[in-house]
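Remarks on the overall topology
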Amino acid sequence: MRRTSSDPGRALLTGFVGIPGVPAGKDDWNKFDVPGLRGLRHTAPYFHNNSATTLEEVVDHYIEFFKIVEVNAPPGTVPPVASTDGVHFDRKILPEERAVLLAYLRKL
């Protein structure tokens, strides 16, 4: 079996991928061990590639990400990543929410 991915996840560590008798999706391919948020303010740099050095950079990244998702969505569609109900773009971070979100993340 041949699979391609820019980031195969835990399969790089465990080797648990493409084993005969194990259906795709039941192995470690594209699976990630996501850490909890407790003590987040003490764990910089952020992202898997350490590209954000502050929580402000993380929040700003997602503000821009949701703008790009909305602009690039085909007309009449709302991608699941940008919506909680499949109808509205309601996951974007509003400018007035930025400071509150940062305060919350620092408090964890």
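Just above sits the structure.
Quick summary incoming for the structure in this document. (Residues numbered from 1 in each chain as written. Predicted model: local features only at pLDDT ≥ 70, side-chain atom pairs only at ≥ 80, totals over all residues. Heavy atoms only, no water.)

1. Some thoughts on the pattern of salt bridges
By the definition in use, this model includes four salt bridges. A salt bridge links glutamate 56 to arginine 106, with the shortest nitrogen-to-oxygen separation between them at 2.1 Å. Taken together, the residues glutamate 56 in helix 2 (residues 55-72) and arginine 106 in helix 3 (residues 98-107) connect sequence positions 50 residues apart. Arginine 98 is paired through a salt bridge with aspartate 60; the nearest N and O atoms lie 2.7 Å apart. You can see arginine 98 sitting in helix 3 and its partner aspartate 60 sitting in helix 2, a full 38 residues away along the chain. Judged by its relative accessible area of 26%, arginine 98 falls in the partly exposed class. Looking at aspartate 60, the relative accessible area reads 31%, which means it is partly exposed. (Salt bridge = Lys/Arg side-chain N within 4 Å of Asp/Glu carboxyl O. Helix = DSSP H or I, 4+ residues; strand = E, 2+ residues; numbered from the N terminus. Buried < 20%, exposed > 50% of the residue type's maximum accessible area, 1.4 Å probe, protein only.)

2. Some thoughts on the environment of proline 79
With respect to the secondary-structure elements, proline 79 resides in the loop between helix 2 and helix 3. Taking the C-alpha atoms as reference points, proline 79 and valine 69, separated by 10 residues in sequence, lie 7.7 Å from one another.

3. A few points about the nonpolar core
One broad rule of soluble globular proteins: the nonpolar side chains tend to lie buried together. Judged by nonpolar contacts, Leu40, Tyr46, Ala52, Leu55, Val58, Val59, Ile63, Ile93, Leu102 and Leu105 together constitute the single largest core of 10 residues. Listed by contribution, the elements that provide at least two residues to this core are helix 2 and helix 3. Sequence-distant contacts of leucine 55, defined by excluding residues within four places in its chain, comprise Leu40, Arg41, Tyr46, Leu102, Leu105 and Arg106. (Core = buried A, V, L, I, M, F, W, Y, C linked by side-chain atoms within 4.5 Å. Contact = heavy atoms within 4.5 Å.)

4. Details of the layout of surface pockets
Computed from the structure, the largest pocket encloses a volume of approximately 670 Å³. As for the largest pocket, its lining consists of 23 residues, and the residues nearest its centre are Pro35, Leu37, Leu40, Phe47 and Tyr62. Listing elements by their share of the lining of the largest pocket, those giving two or more residues are helix 2 and helix 3. The biggest single contributor to the lining of the largest pocket is helix 2, with five residues. For the lining of the largest pocket, the residue count by class is 16 nonpolar, four polar and three charged. (1 Å grid on protein atoms, 1.4 Å probe; cavity = no way out; pocket = protein on both sides within 12 Å on 5 of 7 lines; lining within 4 Å. Points joined across faces, edges and corners; volume = space filled by probe spheres on them. Nonpolar A, V, L, I, M, F, W, Y, C, P; charged D, E, K, R; others polar.)

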